[in-house]
Amino acid sequence: MSYFKKYQFFIQIMTILLAAFLLIFPQVYLKGFVIGSDAMFHFNRFYDASEQIKHGNFQYFITMYGFQQSGRIVNAMYGPIFAYFQGVLVLISNSWFHYQIISNFLIYLLSGLSMFALLKKIHISGWLSVGTGIFFMTTYPIQYWIDQQGLSAWPSAILPLCLIPLVKLVDKQKLDVLGTSISIGIMFQIHVLSTLFLVLIYFCFYTYIFVQSQYKKRLMKQLCISIVLFMIITMNVWLNMLDIYRFNQLVPPFFNNHMENNTITANSAYWIRYPKFLPILFAVCFSSVLDKRYRVSPFLKVSVAIIVVFTVLATNFFPWKTLSSLEVPFLGLLQFPFRFIVFGIVLLLISIAMIVSARPEIRLAKPIYLFLLLGLSLLQVSYENTSKMIDWHLSDTAVNRRVHSYVFVDDERKMKDQLFSSDKEKILESFQKSAPDYLPLYRIDQSSKYGAYGDDVIKNNHHFDKKVEHKALIVTWQGDQVEKVKVPVIKYERTQLVLNGQKLEKDDYSLSTIGVVSLNQKIGQNELTVTYKAPWFFMITLLLPALFWIAIICYYLKKMIRSILN
């Protein structure tokens, strides 16, 4: 028993590690693959980053390896640092199969440890923290990456960690300047929309404490410093995004005209079915808080209030159908109301752990029920993951062909093999999807941007040879006659074009609605060099945040060493 107590923390971490391995075991053993709706978009992003690292040919703005080597901007607008992190995972993986195993394992492990760390900070008992962490791993906010390669699963995984500064805010009425800046900054480096939800959560807690606090001036000062520090450590994202938007009008996000179909009371009910008894936990949480015999802590009170609001917003009790018809600009960014429940579920699990810890007399607090719930959730997810692997092997197709998808290989067996091939580019060539995200918009018309990219870039790409040399994209082709030809590359304001050794001016080419270049070719070999001229402040946006991040890491390492020595 003394041995167990001595190494309790280590055993708890190993338990979460074991749970992560159990959840990926079906895929490891059965060697299946899951290609969700967002898979090819993110695979192209991460492949581009991995090739940049591999060849030492860094191009922050335009893609030269992924996305049909079209020179379009994606990663600079969509978590650039996180894309390079995933690029490292792709690089060290022998195939896309190995990458999926590694990334799935990491998100399971990260989510479990993240929840464990937060609950320990709230002084929840170790094994309840472990159980809640493992339970969190089985919920759909994490499974979203496993099933669909939905990126918002990664922000969900680190959300508990990002909420740790709120503990100090509630307990001591002090805003942890460094912790707050880092938490929101890391989230911003991964996913901008998730950052807005996190900021909203912080706003609710901050407002509650600010109204009650006698130290309003101190809280305001801490908030201002946090904002300034956040702006510095995320400068690489927002300042470069502003520069892109300043000179380009980009294709707006897909506007969902039927948002009422994407709520948890409609077609997106699967968000609360992992595990199937999750709705019961919502009921337990709400009923416990409403019980007048129970004293609700400030942290729990604010958390439950946010859960209620987010849950209602994720359902059709909110008039999404009416709002969709109004085409409010912000809704174009939100797109799917189920996004609210992602953060609601995370806060729910935190709240349940707090309730169980504070009320040992309730039935749910008894170990047998906790083990039963945890066992059922692990069993369900393991069963679902196993079923997906079996279905993939039994399926006649390697990928799920959806609208705006293009398959360039007739042999489905060959495509399945490509997912296990060391040449990761093969599957990206065999299966391609049209996605107009962040393409430049040169004319306002009713034409399909998905169709335009598919016709002008994806289908047209096979007539051209592309390679990367000295941080430039080189496009070559044979011209049979002097005529205008459409080259499958995207032109932004800062994109520079050199045709057959001559720099092109605006009068030398024309652009389609989404920026595809048309120019006059010559008879014989033609060569178009594509580069991107970064703004003058670009290196500052990389170096200054990097210096601050290094200083922050050194500060915490020094603090950790002092803690160990003392």
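Just above, that's the structure.
Now for a quick tour of the structure.

### What about the sheet that holds strand β6 (residues 495-499)?
Inference 1: Reading across from one edge, β3-β4-β10-β6-β7 is the order of the 5 strands in this open sheet, with antiparallel pairing throughout. Edge positions in the sheet fall to β3 (465-469) and β7 (502-503), since each has one partner strand and no second.
Inference 2: Direction of pairing for β6 relative to strand β10 (residues 524-532): antiparallel, over a ladder of 5 bridges. Counterpart to L499 in the pairing with β10 is L528.

### Looking at the packing of helix α2 (residues 8-30) against helix α19 (residues 367-394)
Inference 1: α19 packs onto α2 with a crossing angle of 20° between their chain directions and a minimal axis gap of 8 Å. Classified by the angle their axes make, α2 and α19 are roughly parallel. For the element pair α2 and α19, the recorded crossing hand is right-handed. Facing L22, L23, P26, Q27 and L30 of α2, the residues of α19 in contact are L378, V381, S382, N385, T386, M389, I390 and H393.
Inference 2: Broken down by class, the residue content of the contact of α2 with α19 amounts to 8 nonpolar, 5 polar and no charged.

### Examining the sheet that holds strand β5 (residues 484-490)
Inference 1: Spatial ordering of the open sheet is given by β5-β9-β8, a layout of 3 strands whose pairing is antiparallel. Two strands bound the open sheet, and with one partner strand each, they are β5 and β8 (509-511). Strand-to-strand twist in this sheet, taken as the mean axis angle between neighbours without regard to direction, amounts to 30°.
Inference 2: Here β8 pairs with strand β9 (residues 516-520) via 3 bridges, running antiparallel. Pairing of S510 across the sheet is with S518, part of β9.
Inference 3: Packing of helix α22 (residues 449-458) onto the sheet brings it into contact with β5 and β9, and relative to β5 it is tilted by some 110°.

### Here we look at the packing of aromatic side chains
Inference 1: Per the stated rule, a full pass over the model turns up 45 aromatic pairs.
Inference 2: A centroid spacing of 6.3 Å and a plane angle of 75° characterise the contact between F33 and F43, whose relative ring orientation is edge-to-face. Of this pair, F33 sits in the loop between α2 and α3 (39-55) while F43 sits in helix α3, and the two are 10 residues apart along the sequence. By the burial criterion, F33 is buried, and F43 matches it.
Inference 3: Taken together, a centroid distance of 5.1 Å and an interplanar angle of 25° make the contact between W271 and F338 stacked. Here F338 lies in the loop between α17 (329-334) and α18 (339-358) and W271 lies in the loop between α13 (235-247) and α14 (278-290), a separation of 67 residues in the sequence.

### Examining the side chain of T495
Inference 1: Along the polypeptide, T495 turns up in strand β6.
Inference 2: Judged by relative accessible area, which is 4%, T495 ranks as buried.
Inference 3: Reaching out from T495, the side chain makes a polar contact with the backbone nitrogen of Y492 at a distance of 3.0 Å.
Inference 4: Apart from residues lying up to four places away in sequence, T495 is in contact with I490, V530, T531 and Y532.

### Brief notes about the pattern of salt bridges
Inference 1: Enumeration according to the criterion identifies 8 salt bridges in this entry.
Inference 2: The partner of K388 in a salt bridge is D147, with the nearest N and O atoms 3.2 Å apart. With K388 in helix α19 and D147 in helix α7 (residues 140-148), the pair connects residues that are 241 residues apart, well separated along the chain.
Inference 3: Classification of D147 by relative accessible area gives buried; the value is 8%.
Inference 4: Ionic pairing is found between D455 and K459, a salt bridge with its closest N-O pair at 3.5 Å.

### Concerning the state of the cysteines
Inference 1: Applying the stated rule across the entire model yields 0 disulfides.
Inference 2: C204 provides the cysteine sulfur closest to C285, a residue in no disulfide bond, and the two sulfurs are 15 Å apart.

### Quick notes on the pairing of β5
Inference 1: Where burial is concerned, most of β5 is hidden: 5 out of the 7 residues are buried.
Inference 2: Here β5 runs beside β9; their pairing, made up of 5 bridges, is antiparallel. Residue pairing in the sheet places K484 in a bridge with N520 of β9.

### Thoughts on the pairing of β9
Regular strands show a simple pattern: their side chains alternate between the two faces of the sheet.
Inference 1: Taking burial as the measure, the 5 residues of β9 include 4 buried ones, the bulk of the element.
Inference 2: Counted along the chain from β8 to the antiparallel partner β9, the turn is 4 residues long, and its residue G515 has a positive phi close to 85°.

Basis of the calculations
Residues numbered from 1 in each chain as written. Predicted model: local features only at pLDDT ≥ 70, side-chain atom pairs only at ≥ 80, totals over all residues. Heavy atoms only, no water. Pairing = 2+ DSSP bridges. Helix = DSSP H or I, 4+ residues; strand = E, 2+ residues; numbered from the N terminus. Axes fitted to C-alpha atoms, helices over the stretch in contact; angles between N-to-C directions. Parallel < 35°, antiparallel > 145°, perpendicular 65-115°, else oblique. Left-handed = near helix turned anticlockwise from the far one by under 90°. Contact = heavy atoms within 4.5 Å. Nonpolar A, V, L, I, M, F, W, Y, C, P; charged D, E, K, R; others polar. Phe/Tyr/Trp six-rings, centres within 6.5 Å; stacked < 30°, edge-to-face > 60°. Buried < 20%, exposed > 50% of the residue type's maximum accessible area, 1.4 Å probe, protein only. Polar contact = N/O pair within 3.5 Å; in protein donor to acceptor, adjacent residues only side chain to side chain. Salt bridge = Lys/Arg side-chain N within 4 Å of Asp/Glu carboxyl O. Disulfide = S-S within 2.5 Å.

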